[in-house]
Each structure stands twice: as C-alpha cells, then as structure tokens.
Amino acid sequence: QVKLQQSGAELVKPGASVKLSCKTSGYTFSTSYMSWFKQIPGQSIEWIGMIYAGDGGTGYNQKFKGKATLTVDTSSSTAYMDLSSLTTEDSAVYFCARIENYGSYVMDAWGQGASVTVSS
Amino acid sequence: DIQMTQSPASLSASLGETVSIECLASEDIYNNLAWYQQKPGKSPQLLIYYASSLQDGVPSRFSGSGSGTQYSLKINSLESEDAATYFCLQDSEYPWTFGGGTKLELK
C-alpha cells in the first residue's frame, strides 16, 4: 500500500525558513518522481515543482524558484521541501504527491498535507 | 502559463441527480487533463486522468470527456459522499495548472 506521510504543522516567523518532509512507503521511491503543491485554504492549488529521486533532478514552477528547494534522501525514502524567506503569503497547506506515468502524468497518491503558518 | 477556467464555481444538486463540471484551457492541452476530488481537510484524490480514463477504485458514475481546450467531468446518480470540491489539472505544459475548483453541495 502506497503511503506518503508528511511532517506536522509549522508556525514560523517572517524571514525564517522551514523544511517539510514526506516519508514514503509501499513503492520503489528511488526510481520515482515526487511533486509538491501549495493550497491556501478555500482556494485552488498551485504546482510548486517536481523531483526525480533517481538523480535528484528537479523542475520548478518559475513562481516558486528561489522560494522552494526540493531534495530527496533515498536511504530513508523521504522527500523534502525547503521554503525560505517566509512571508505571510507563504501561509498555506503544502502537499507532496507521487507522480506516476499512466501515459499521462498523474498524482495518484498524496500526503495528508502540512500546514505552514507564518506569523510574528 | 496555461489558464484553466473551471465552471461553475459552486453547484447544488440532489441525491440521484447528474451533474457536469467544465474546464476550459487557454490553449490545446491534448487530453492531458486530470480531475481530482477534495474533501474538507483532506488531500486531493485522483478520479480521472488523460481526460477520460477512470482511476482504479473510482466509482463508474464518474466519467470524463473532452478534447482540445474543452473538458468535462460528469457525475451520474449523485451520492452523499460526492459532496466535495472538484479540480481539473492540466499537465500538458509546465507549469502544471489547476482550475479554480467547483464546490458541489448535496441538497
């Protein structure tokens, strides 16, 4: 059974950084792709970027370049996202999701989400 | 970036009814469209991919159609568990982009 377990809620001060984790199980992480998303409650979803666990190669939404950094640790089957120079606009729920290629890219398994609140 | 215009923004329907949700892309996305269902406080769940392919385990009352720039999700015989927000997502071109969402309420 594929599982993605995200780290807990974070309360951080403006200007700080935060590192979110997404621990996976039930599939071969080392040859998989992972994507990250941002959702402000009550609003739609934004794609932040993706990472290939095989070599750490990344692709980002231009909007999040410089804001988000994606990494992986294949030894623990965990993906990470660093968010830097946080502002109140970064307050949101962040999701990780496994990407599978069904002939079309699909996110077929998601983490439960991690809430980030930026407040002084 | 490809803009995804989703309609309606909200929808109220009765149990057993059939509803449709539309997504209009700002350019041809070649069927690279997925539909997700999200319930409050939960993560999105994949319903349909490549415009019309039903994800394993998803009830057959959900169906997708469309081509080019116009796509739709149809839900037949609404059940109470279908109350949720639905999003379309295009993965034809980076950055992947979502529609604004449709909140479905059951009367």
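The following paragraphs examine the structure supplied in this document.

Time to look at the interface of chain B and chain A. With 19 residues of chain B at the interface, the matching set in chain A holds 20 residues. Around 1700 Å² of area is buried between chain B and chain A when both sides are counted, 66% of it from carbon and sulfur atoms. When the buried area of chain B at its contact with chain A is split by residue, Pro44(B), Trp96(B) and Phe98(B) rank highest and sum to 34% of it. Viewed at the interface, chain A and chain B are joined by 0 salt bridges. The interface formed by chain B and chain A holds 5 residue pairs in polar contact (both at pLDDT 80 or more) in total. Among the residues making up the side of chain B that touches chain A, the classes are represented as 11 nonpolar, 6 polar and 2 charged.

Now for the side chain of Gln55(B). When you line up the elements, Gln55(B) lands in the loop between β6 (53–54) and β7 (62–67). When its relative accessible area of 12% is taken as the criterion, Gln55(B) is described as buried. When neighbours within four sequence positions are excluded, Gln55(B) is seen to be in contact with Tyr102(A), Asp108(A), Leu46(B), Leu47(B) and Tyr49(B).

To continue, consider the sheet that holds strand β8 (residues 78–83) of chain A. All names here are of chain A. The strand order across the open sheet built from 4 strands is β1-β3-β8-β7, with neighbouring strands paired in antiparallel fashion. Since the sheet does not close on itself, it has two edges, and those belong to β1 (3–6) and β7 (68–73), each with one partner. Going from strand to strand, the sheet's axes swing by 20 degrees on average, the running direction of each strand aside. Note: strand β3 (residues 18–25) against β8, 6 bridges, orientation antiparallel. Bridging from a neighbouring strand, serine 21 pairs with tyrosine 80 of β8.

The rules behind the values
Residues numbered from 1 in each chain as written. Chains lettered and ligands numbered in written order. Predicted model: local features only at pLDDT ≥ 70, side-chain atom pairs only at ≥ 80, totals over all residues. Heavy atoms only, no water. Contact = heavy atoms within 4.5 Å. Buried area = accessible area lost by both parts, 1.4 Å probe. Salt bridge = Lys/Arg side-chain N within 4 Å of Asp/Glu carboxyl O. Polar contact = N/O pair within 3.5 Å; in protein donor to acceptor, adjacent residues only side chain to side chain. Nonpolar A, V, L, I, M, F, W, Y, C, P; charged D, E, K, R; others polar. Helix = DSSP H or I, 4+ residues; strand = E, 2+ residues; numbered from the N terminus. Buried < 20%, exposed > 50% of the residue type's maximum accessible area, 1.4 Å probe, protein only. Pairing = 2+ DSSP bridges. Axes fitted to C-alpha atoms, helices over the stretch in contact; angles between N-to-C directions.

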